[in-house]
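Architecture at a glance
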Amino acid sequence: MFGNPLRESTLSRIFVLCAVIVAQKFLPTEFSSPLFVLLGLLIMAFGRIQRSNFKLVWPLLGVLTIGLIGVFDHESLHIIRDISFALTPVALIFIGSWIASSRDMWPLILKIMVFLGFAFALIHLSVFVQDPELLSYKAVDVRRIAGTTGDLVALAFLLGLFQKRFGIKDLFPKQIPHFIIMLVLFASFVLSYSRTELAVAIILSFALWGLVSKIKIRMVLAISMLIACFFAIAMTTPTDDIKTFRGKLVRSVTEITISDYQGMSDIHHNWRGYETYRALASFSSVNVLQQIFGQGFGAVTDLGLYMNLGGEDFRYIPIFHNGYAYILVKTGLLGLACYAFFYINVIRITLCNTNSLINEQKFLARLLLGCVLSLIFTMSVVGGMAQMHNSEFVLLLGYLVRQIGQSQADENQIGVVRISR
């Protein structure tokens, strides 16, 4: 997979990349988050810090600063976790930028991600090999037993689909036939029964295809087809179907609808919407100053009832499925504004390069656009980068931003040389 012998500096970057992805997959957040922060601090301490990194992450540092203002009178454990969550995306972006400082890492970083995605897919499918009867189970039961693969498998599969379009060579290990790797990735993706991964795959596909950068007839047609398919599935799905993937797909909108559900059955089936409602109620109940600056890291939200979560009854919860609600409670409207500035800044970088005449530049920009749009989406349904989800995408974001900057600098230098001649 690596081809020519690699330098020690490149091998260290490969090790850190693999450590982040594997830790994100297998370690609990209370261990992986401090690990990422520690790695980021070490890189900042011993590496060469780029000024552009601070220009990129200043809104996230703003979230950290705002959250620290109101930490008083909250439990230490909750405070530490929220601080770690706030530092993690900053650390991952610095790690990604540091990885990009080695020219040998392009496109090696994509090969490593594909390889790890393939490995995760094999581990996932091994559960079905050991128990083939799982294939006949309902989607809810399959996920409970076999789990999901994560967004890295979807990313690896799509990179395989688009590699020829953008001229990326040797993306897959030569020892294994291309079609077998793609088949394994696709099978694992399908058997994950994950609505979030499906949405992320669609977003990445649209971005890499070039449908998102400009409003075109192809984009309108693609969205129209998706909407038509959704309504066709909804019309043919029984109302009491809540265990199959089709049923959960149809219920996706109602599950996140923000409402004060009264019955325990409704609250259970629409939990994401209910907890977000309670978060907004908590935001509305505080004074204007706390609405602007938030209630601080460590703040918890009253559910108004006791709910069994993970085998334990809770009345107050510190985190939510909706990452925007989480940021709103902890850091207020200013925190949300900081996240908006961050996302807008990254999107601006992508739009300046997404239609470049240089194939590599175009691919980098479109992949970055797919990553940031995926992060925006996942933050609304599973917490996103605000709560330690999609760490590989955050790292890749930091890598791609610097790689785009380096490609632009190289292009400008070539242009200067040509003029001087």
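Residues numbered from 1 in each chain as written. Predicted model: local features only at pLDDT ≥ 70, side-chain atom pairs only at ≥ 80, totals over all residues. Heavy atoms only, no water.

1. Points about the pattern of salt bridges
The tally for this structure, following the rule as stated, stands at five salt bridges. A salt bridge links Asp 104 to Arg 7; the nearest nitrogen and oxygen atoms lie 3.1 Å apart. Here Asp 104 is found in the loop between helix 4 (76-100) and helix 5 (108-130), whereas its partner Arg 7 is found in the segment before helix 1 (8-26), with 97 residues between them in sequence. For Asp 104, a relative accessible area of 33% corresponds to the partly exposed category. A salt bridge links Arg 81 to Asp 82; the nearest nitrogen and oxygen atoms lie 3.5 Å apart. Comparing Arg 81 with Asp 82 shows no difference in burial state: the two are buried. (Salt bridge = Lys/Arg side-chain N within 4 Å of Asp/Glu carboxyl O. Helix = DSSP H or I, 4+ residues; strand = E, 2+ residues; numbered from the N terminus. Buried < 20%, exposed > 50% of the residue type's maximum accessible area, 1.4 Å probe, protein only.)

2. Things to note about helix 14 (residues 271-285)
End to end, helix 14 covers 21 Å across 15 residues, agreeing with the expected 21 Å (1.5 Å per residue, within 8%). Among all positions of helix 14, only Trp 271, Gly 273, Tyr 274, Glu 275, Thr 276, Arg 278, Ala 279, Ser 282 and Phe 283 are buried. (Expected span 1.5 Å × (residues − 1).)

3. Here we look at the environment of Val 394
Structurally, Val 394 can be placed in helix 18 (residues 391-420). For the pair formed by Val 394 and Val 372, sequence separation is 22 residues and the distance between their alpha carbons is 8.2 Å. In this structure, Val 394 is in contact with Pro 89, Leu 92, Ile 93, Leu 375 and Met 385, ignoring residues within four places of it in sequence. (Contact = heavy atoms within 4.5 Å.)

4. A closer look at the side chain of Ser 33
With respect to the element layout, Ser 33 can be found in helix 2 (residues 29-46). According to the relative accessible area criterion, Ser 33 is buried, its value standing at 1%. In this view, Ser 33 contacts Ser 84, Phe 85, Thr 88 and Met 388; residues no more than four positions away in its chain are not counted.

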